[in-house]
Amino acid sequence: MSNSGSIAVPAINPPHSGRRTELLSTAANSAAGLVEGFFEWFGNLGIFFWQVLRAAVTPPYEWRELIRQLDEVGSKSFPVVVMAGSAIGVIISLEARYSLSRFGAKSMFPATLVYSVIQVMGPIITGLVVSGRVGAGIGAELASMKVTEQIDAIEASAINPYRLLAATRILACILMLPLLTLVSDACGLLMGWFAQTLVEPLSFHQFIQDGFKGATFNTFLPQTFKTAVYGLIIGLIASFQGMRTRGGAEGVGRAATNSVVLASLFVILADVVLVKFILVVFP
Amino acid sequence: MATAYDIAIKQEQSEKDGIAPVIAVENLRKTFGSHMVLNGISLSVNRGETLAVLGRSGTGKSVLLRIIIGLETPDSGSVCIHGQNIVGLAIDRMGEIRKKMGFLFQHAALYDSLTVAENVAFPLVHHRKEMSRSERGERVNQLLAEVGMKGDFGKMPSDISGGMQKRVGLARALALEPEILLLDEPTAGLDPISSGEIDDLILKLQRERKMASVVVTHDLHSAKTIANRLALLDQGNVVIEGTFEDLQQSNIGFVEDFLKLS
Ligand SMILES: Nc1ncnc2c1ncn2[C@@H]1O[C@H](COP(=O)(O)OP(=O)(O)OP(=O)(O)O)[C@@H](O)[C@H]1O
Ligand SMILES: [Mg+2]
């Protein structure tokens, strides 16, 4: 990304208004540079996605690498997702008990917990946790391969690195995210229920029965499967940032950080769009 | 009408007859930003021939090799491999051509998550799917033996020295029995004995398999041993191209200095 935000130092103190226009034009310039940089980044991301897509749908298929990556994404994320999901369950449980009892709606507790966890918090927390864990992992791994010419070596061996490295990682993220979301949801519900029973005994069976009363597949399935889109975002951005890295060890660090920041940001932005989309399509 | 197949057959025949070059680089230009690296380079290599590329550090020898295998795109000019221009070729089409090429990177570029043996086996795993596991293992052992690294197959690249990494990189480049060999300083960082062994190996391959090779080197002795022709690069141009004797007889100041100081 180009940054044209250089500040010119005038030789003599210009009149007040002159300095102001200069500052304004500098600000406008760097804003323009930022916008330009953003569009350039987005354009390159689009080209990268197209390359990966084209490589992914044509043989040879890299099944072995895909399985390795599924294992990698799953096993790396599992412990963090379990912990984050459980913590979210407890937090919602505490908050819900407090708010609901203030409005005298304590009987709503199971449904509140179930809906908050499965519809709202489970997917987004899983998305963010995996962005951090897997996004950084893919970004750093591919970046270090790039700066040590290992990706060039793969290409020189007549192997398409978009197919072998990027496509497998992106697909692994797409496939694993919904599964990890289910894990996170399950931990959230279990720990949320557990936190509640410590104060007010409630059988798990009863809790589940009340919580899912009146729920259909439409209530939960789209919310769980939308996380496949998060997977696409995480895998795509991390692979892209990794494979375009330049500049030694420093570049590797930057790629890892950028992968996490951008993937998290776009997961949240995608959530906004997807929530609206799901409300319209699955009323 | 001549089909692409006819043209390919004709090219192959001419290559065998030694008329058409296997690698033909025409008027290559490459800049990075405002930094001009190659300024109109033309070179060609025939079947069974080794071209040594010499030049000061930073003149663009590695960039030239990377352009020949399509890792870098030139600003203008053409690179023909077996008569086909590869500039701007899509990655999978390029892959078909790269299967016939072996490339040794200046810094070896071994896969650091794989062992030495797995590094050498990597191209075989991907392109010789019909090979059984034991056949592959045998081939890897044979390749490692050729570069004098037989005992180190289980080690990780980070646990072996730079010169050893270079030799493993060479074994990997030879795995698919390429017709074209591009080597970026194969003997740099090697002791005289190992470096003599590598020279012998390159000579043997050239004799037995009639490979076309481009070897970048700083080692004048090795260049003299393995190369049929030498090309000396300076400031983006080929200063002189010819046999070692041609270079010795040249009265271009840069060539004299280069030979005297090497
Ligand atoms: N990706 C790149 N971006 C910018 N500049 C580059 C890039 N690759 C190479 N260069 C520049 O091109 C020039 C030639 O580099 P190259 O690596 O080909 O030199 P060389 O002749 O192989 O030197 P050495 O003998 O030291 O290996 C250098 O000045 C280098 O800075
Ligand atoms: Mg070099």
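Our structure's up above, just so we're on the same page.
This structure is a prediction, so every number in the text was calculated from the model and none was measured.

Chemist: Would you mind going over the overall build of chain A with me for this structure?
Modeler: Summing up its helical and strand segments, chain A has nine helices and zero strands in all. When the elements of chain A are put in sequence order from the N terminus, they spell out α-α-α-α-α-α-α-α-α. The C-alpha radius of gyration of chain A comes to 24 Å, more than 25% above the 19 Å expected for a compact globule of 283 residues. Seen through its C-alpha atoms, chain A measures out along the principal axes to roughly 75 × 60 × 35 Å. Across the 283 residues that make up chain A, the buried fraction comes to 45%. In chain A, the share of contacts with a sequence separation of at least 24, taken over all contacts with a separation of at least 6, comes to 84%. With the model as given, the accessible surface of chain A reaches about 14600 Å², and the carbon-plus-sulfur share is 70%.

Chemist: Whenever I open this one, the coordination of the magnesium ion (ligand 2) confuses me. Can you help?
Modeler: Residues and elements named next belong to chain B. Each protein donor to the magnesium ion (ligand 2) is listed here as Ser 62 (OG) and Gln 106 (OE1); together their distances run 1.9 to 2.1 Å. Of the two residues, Ser 62 sits in helix H2 (residues 61–68) while Gln 106 sits in the loop between strand S6 (101–104) and helix H4 (116–127), which places them 44 residues apart along the sequence. Using a relative accessible area of 28% as the deciding quantity, one classes Gln 106 as partly exposed.

Chemist: Even after reading the chapter, I still don't get the layout of surface pockets, so can you show me in this structure?
Modeler: Any empty space left between atoms is shown by rolling a water-sized probe over those atoms. Size it by volume and the largest pocket reaches roughly 1600 Å³. Among the elements that make up the lining of the largest pocket, the one with the highest residue count is helix H9 (residues 248–281) of chain A (five residues). Taken together, the residues of the lining of the largest pocket break down into 23 nonpolar, 10 polar and 11 charged. Of the volumes computed, that of the second largest pocket is approximately 1000 Å³. Lining the second largest pocket are 32 residues; nearest its centre among them are Arg64(A), Leu114(B), Phe122(B), Val125(B) and His126(B). Put simply, the parts of the chain that give the lining of the second largest pocket at least two residues each are helix H2 (63–102), helix H3 (109–147), helix H4 (150–156) and helix H5 (161–199) of chain A together with H4 and helix H5 (133–146) of chain B. Of the residues assigned to the lining of the second largest pocket, the class counts are 14 nonpolar, six polar and 12 charged.

Chemist: Would you mind showing me how to read the nonpolar core here?
Modeler: The nonpolar side chains of a soluble globular protein tend to be buried, and buried together. Residues and elements named next belong to chain B. Of all hydrophobic cores here, the largest spans 97 residues; its most connected members are Ile 23, Leu 64, Ile 68, Ile 81 and Leu 182. Setting aside residues no more than four positions away along its own chain, Leu 182 makes contact with Ile 23, Leu 65, Ile 68, Ile 69, Met 101, Gly 102, Phe 103, Leu 104 and Val 214. Judged by nonpolar contacts, the second largest core, of 33 residues, contains Ala 108, Val 116, Leu 144 and Met 149.

Chemist: Please explain the environment of Ala24(B) as it appears in this structure.
Modeler: All names here are of chain B. For Ala 24, the location among the structural elements is in strand S1 (residues 23–32). Overall, the relative accessible area of 17% leaves Ala 24 in the buried class. Distance in space between the C-alpha atoms of Ala 24 and Gly 95 is 18 Å, their sequence separation being 71 residues. Beyond its immediate chain neighbours, meaning those up to four positions away, Ala 24 contacts Leu 43, Ser 44, Ser 78, Val 79 and Cys 80.

Chemist: Help me out: how do you make sense of the site of ligand 1 in this one?
Modeler: Neighbouring ligand 1 are 15 residues, the closest being Ser57(B), Gly58(B), Lys61(B), Ser62(B) and Gln106(B). Those residues lying near ligand 1 are distributed over chains A and B. Contacts to ligand 1 include Gly58(B), whose backbone N or O atom sits 2.8 Å from an oxygen atom. In this structure, an oxygen atom belonging to ligand 1 sits 3.0 Å away from a main-chain N or O atom of Gly60(B). Out of a free accessible area of 630 Å², ligand 1 has 67% covered by protein chains. Secondary-structure elements contributing two or more residues to the shell around ligand 1 are strand S2 (35–45) and H2 of chain B.

How each quantity is defined
- Residues numbered from 1 in each chain as written.
- Chains lettered and ligands numbered in written order.
- Predicted model: local features only at pLDDT ≥ 70, side-chain atom pairs only at ≥ 80, totals over all residues.
- Heavy atoms only, no water.
- Helix = DSSP H or I, 4+ residues; strand = E, 2+ residues; numbered from the N terminus.
- Rg over C-alpha atoms; globule rule 2.2 N^0.38 Å.
- Buried < 20%, exposed > 50% of the residue type's maximum accessible area, 1.4 Å probe, protein only.
- Contact = heavy atoms within 4.5 Å.
- Areas by Shrake-Rupley, 256 points an atom, 1.4 Å probe, with all protein chains shown as cover.
- Donors = N, O, S within 2.8 Å, 3.2 Å for Na, K, Ca; no water.
- 1 Å grid on protein atoms, 1.4 Å probe; cavity = no way out; pocket = protein on both sides within 12 Å on 5 of 7 lines; lining within 4 Å.
- Points joined across faces, edges and corners; volume = space filled by probe spheres on them.
- Nonpolar A, V, L, I, M, F, W, Y, C, P; charged D, E, K, R; others polar.
- Core = buried A, V, L, I, M, F, W, Y, C linked by side-chain atoms within 4.5 Å.
- Near = heavy atom within 4 Å.
- Polar contact = N/O pair within 3.5 Å; in protein donor to acceptor, adjacent residues only side chain to side chain.

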